[in-house]
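Listed here are the chains, written in short residue letters.
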Amino acid sequence: MKGATVRRVVVVGNGIAGVTAADALREAGFDGELTVVGDEPYPAYSRPALSKALLTDGDDMSSCLLPPAGHGADERLGVRATGLDLDGRLVVLDDGTALPYDRLVLATGSRARRLSALPGELTLRGLDDALVLRGRLAARPSVVVVGGGPLGMEIASGCLAAGCRVTLVSRGVPLSARLGPHLAGVFAGAAREQGLTVVETGAARLGGGAGGTRVVLADGTVLDAELVVTAAGDVPNTEWLAGTGLTADGAVPVDVRGLVRPDVAAVGDLAALPTPYGPRRVPLWSSAIEQAKAAARALLHGVAAPPLSFQPYFWTEQFGLGLKAVGHLPGEGRPVYLEGGPGGGPALMRWTHADGTGVAVALDHRVSVPRLRRLSRTAA
Ligand SMILES: Cc1cc2nc3c(=O)[nH]c(=O)nc-3n(C[C@H](O)[C@H](O)[C@H](O)COP(=O)(O)OP(=O)(O)OC[C@H]3O[C@@H](n4cnc5c(N)ncnc54)[C@H](O)[C@@H]3O)c2cc1C
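If you're wondering where the values come from, they're calculated on a predicted model, not measured in any experiment.

Comments concerning the domain arrangement of the protein
According to the domain assignment, the protein contains domain 1 (3–111 + 234–304), domain 2 (114–230) and domain 3 (320–377). Distance between the C-alpha centres of domain 1 and domain 2: 30 Å. The interface of domain 1 with domain 2 comprises 21 residues on the first partner and 17 residues on the second. Taken as a group, Y42, S51 and L55 account for 36% of the area that domain 1 buries against domain 2, more than any other trio of residues on that side. Looking at the side of domain 1 that touches domain 2, the elements that each hand over two or more residues are α2 (53–56) and β8 (110–112).

Describing the pattern of salt bridges
This structure, assessed with the given rule, holds 13 salt bridges. Of the charged contacts, one joins R114 and E121 as a salt bridge, the two residues approaching to 3.6 Å between their closest N and O atoms. Exposure remark for E121: the relative accessible area of 2% places this residue in the buried category. Across the pair D263 and R261 runs a salt bridge whose closest N-O atoms are separated by 2.8 Å. A relative accessible area of 28% places R261 in the partly exposed class. Each of R89, R261 and D263 takes part in a single network of salt bridges with overlapping partners.

Comments concerning the environment of P312
Topologically, P312 is positioned in the loop between α7 (285–301) and β23 (313–318). Through-space distance from the C-alpha of P312 to that of E290 is 9.5 Å; in sequence the pair is 22 residues apart.

Each value, and the rule that gives it
Residues numbered from 1 in each chain as written. Predicted model: local features only at pLDDT ≥ 70, side-chain atom pairs only at ≥ 80, totals over all residues. Heavy atoms only, no water. Domains from an automatic or database assignment. Contact = heavy atoms within 4.5 Å. Buried area = accessible area lost by both parts, 1.4 Å probe. Helix = DSSP H or I, 4+ residues; strand = E, 2+ residues; numbered from the N terminus. Salt bridge = Lys/Arg side-chain N within 4 Å of Asp/Glu carboxyl O. Buried < 20%, exposed > 50% of the residue type's maximum accessible area, 1.4 Å probe, protein only.

What follows is the structure, encoded as structure tokens:
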């Protein structure tokens, strides 16, 4: 390994970004002391599964299991980092101890953005949230989901599958901002067929009442429900970095390799990557993995390590449809259909953006991600 001074690496955050960084450090030859700190008491699990199979799988937990970590780190689970001393190279923990490091990975992800402090507002970010929600769905309550992005729509789909009456409150057409109008229309059709009620509104807010939590639409209409779940975006977990100067606009800006400075990397949902439009977060599972691999190599090898280069991969499962996409969504206008057509059923399509790049989208579980990667580069 280059750099004989790298004896101790600390990874803060035990989600997919932290675990992948730890694995990648080992793969890149780091054989020193490795510590992974995570405030959840569980080994890393699949967060995307929480809003998909896990919601409807009864007592089954298998959909969110990940293979056991292979990094052999000292795992400090159920422990929270509360501060960082950059000059002293120390991570301060809530159990009163401090961990020295030579290299540090910041991977504390993000949390659900709440619309209120009301206890009746449920959100879905972690395994505990999912188990609470799944438990509540067993009684088939009426549900209002606030948020028309992929997460809100997946939650609505899971609630419908559990036998609930579900209303989805969305700013504009659900999924339109994320997927574009064409794909949003495909999902809207499937959601309607399954009985979802969609209410489009301006900003909705939550209020308390004698009957529980209620949703107040922009025009003052009040929606009552036995269960209110919000999916209104996420907030990076950066509070423990207060005073370090590492954060900007609520995230941690990094360079093209994922480094904040030569001895500190930031990866996953809390990191803002350089783009032509300024630093941007890419809060996706595959992005967290690719960022972590690149940053681990950069922590050990500096500028000799290759910069981050990846095509975003996104998937969602809802209302009986499965979508996989490689490239930048949304796609504007109508796509070119490579297989199937707009009438429904399995389909493979592609958009070419104004800058010449492409996004390949499958509504067909048989289409592999490597094939989508090829198709996103060229339609041939
Ligand atoms: C319900 C749900 C469904 C999703 N579905 C998809 C999907 O279908 N496709 C997709 O691409 N992406 C999906 N995502 C997004 C994807 O899961 C995230 O992009 C990814 O998990 C980010 O990984 P991360 O390791 O950066 O953050 P996280 O997974 O949030 O992990 C960060 C970890 O650090 C811990 N932590 C926070 N603060 C501290 C602290 N101070 N000290 C110690 N530990 C701390 C957190 O508790 C957490 O365990 C979904 C997200 C959610 C919530």
